[in-house]
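# Survey of secondary and tertiary structure
What follows is each chain in one-letter form.
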Amino acid sequence: MGRQIFSLFITATLVMCLGLFSSCEKAGREPSQGIGKLELSTFSPDPRHFLSNAQPFSLPPGTTRRDALRRLGEHLAETYFQSTYTGEITTIHFDVMGIDEIGDPARPLRIATVNMLDPGGYAMKYFFQGSGGGQTTFYILAATFMQPHLDPPLIDGLILLYNGEMLPELDHINLWGILTPRLVRYVTKRAINGSKR
């Protein structure tokens, strides 16, 4: 009798987890619906205010959140991370690994995991070092991917990996764990408002 109950329990669990009942949806991954029209921005580094020169970043209609992040990552790789201050060309690029949703009564919260691929180690040598350069890189990454000036932001949290692993502890910035829009909202809005003057 115990063996039959155990077999029935295992069968029911498998059926539910395979998505055959609506109560066991594969919650957590982003649906592939378009994000609608959003006023996304990209930024330039600023030695005094970290970010400046906010520019509109247009996306075609029907773009998914994941594709928006992919395109923003491509923009970062082609602009800010294209070369070091010594003029050396980098191979830094970004891979959007996924977007997880956390249920909330108001709206789902979206946490993106982005992998910064840097086979040459340029980011550690040139972009994350020094207090000013490290802070500027922090703000460029966080503001570009999260778009914290929007309500709600493009994503509610960012987990940034470096070559597939959590970033090591850095002297001047903290990119460990989940970054939230609140951390960079003020600097981002200042860059956007400064660009509109």
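It should be noted that the structure appears before, not after, this text.
Throughout what follows, the structure given in this document is the object of discussion. (Residues numbered from 1 in each chain as written. Predicted model: local features only at pLDDT ≥ 70, side-chain atom pairs only at ≥ 80, totals over all residues. Heavy atoms only, no water.)

Next up on the list: the environment of I89. Along the chain, I89 turns up in the loop between α2 (65–78) and β3 (93–102). The class of I89 is exposed, set by a relative accessible area of 55%. Spatially, the C-alpha atoms of I89 and Y122 are 9.2 Å apart, while their sequence positions differ by 33 residues. If near-sequence neighbours (up to four positions away) are discounted, I89 is found in contact with Q82, S83 and Y122. (Helix = DSSP H or I, 4+ residues; strand = E, 2+ residues; numbered from the N terminus. Buried < 20%, exposed > 50% of the residue type's maximum accessible area, 1.4 Å probe, protein only. Contact = heavy atoms within 4.5 Å.)

Right, let's talk about the pattern of salt bridges for a bit. Scanning all chains against the criterion turns up five salt bridges. Between D67 and R71 there is a salt bridge, and its shortest N-O distance comes to 3.0 Å. Within this pair, D67 and its partner R71 are both found in helix α2, separated by four residues, close to a single helical turn. Residue R71 is classed as partly exposed on the basis of its relative accessible area, which comes to 29%. As a salt-bridge pair, E74 and R70 come within 2.5 Å of each other at their nearest N and O atoms. In this pair, E74 and R70 are both assigned in helix α2, four residues apart and thus about one turn of the helix distant. (Salt bridge = Lys/Arg side-chain N within 4 Å of Asp/Glu carboxyl O.)

The next point concerns the packing of aromatic side chains. In total, this model carries nine aromatic pairs according to the counting rule given. Seen in terms of ring centroids, F128 and Y162 are 6.4 Å apart; in terms of plane orientation they differ by 75 degrees. Their pairing is edge-to-face. With F128 in the loop between α3 (122–127) and α4 (131–146) and Y162 in strand β5 (residues 157–162), this pair connects stretches of sequence that are 34 residues apart. Since its relative accessible area comes to 1%, F128 is described here as buried. (Phe/Tyr/Trp six-rings, centres within 6.5 Å; stacked < 30°, edge-to-face > 60°.)

Moving on, we get to the pairing of β3. Walk down a regular strand and you will see the side chains alternate between the two sheet faces. Of the pairings in the sheet, the one linking β3 to strand β4 (residues 109–117) comprises nine bridges and is antiparallel in character. Residue pairing across strands places V96 opposite V114, the latter belonging to β4. Where β3 hands over to β4, the hairpin turn is made up of six residues, counted between the paired strands. (Pairing = 2+ DSSP bridges.)

Turning to the nonpolar core, a few remarks are in order. In terms of nonpolar packing, the biggest core is built from 47 residues, with F81, F94, M116 and F128 touching the most fellow members. In terms of residues, this core owes the most to one element, α4, which gives eight residues. Those residues within four positions of F81 in sequence are excluded, and the remaining contacts are L76, T90, I92, F94, M116, F127, T137 and L141. (Core = buried A, V, L, I, M, F, W, Y, C linked by side-chain atoms within 4.5 Å.)

As a volume, the largest pocket reaches approximately 480 Å³. What lines the largest pocket is a set of 24 residues, and nearest its centre among them are L38, E39, L40, S41 and P56. Listed by contribution, the elements that provide at least two residues to the lining of the largest pocket are β1 (40–46), β2 (50–57) and α5 (185–196). Here the element with the most residues in the lining of the largest pocket is α5; it accounts for five residues. Residue composition of the lining of the largest pocket, grouped by class: 11 nonpolar, nine polar and four charged. (1 Å grid on protein atoms, 1.4 Å probe; cavity = no way out; pocket = protein on both sides within 12 Å on 5 of 7 lines; lining within 4 Å. Points joined across faces, edges and corners; volume = space filled by probe spheres on them. Nonpolar A, V, L, I, M, F, W, Y, C, P; charged D, E, K, R; others polar.)

With that out of the way, let us pick up the environment of Y126. With respect to the secondary-structure elements, Y126 resides in helix α3. Of the residues examined, Y126 reaches a relative accessible area of 22% and is grouped as partly exposed. Spatially, the C-alpha atom of Y126 lies 10.0 Å from that of T137, the residues being 11 residues apart in sequence. Filtering out sequence-adjacent residues up to four positions away, Y126 remains in contact with T84, Y85, T86 and E88.

Geometric values such as these leave the question of function open.
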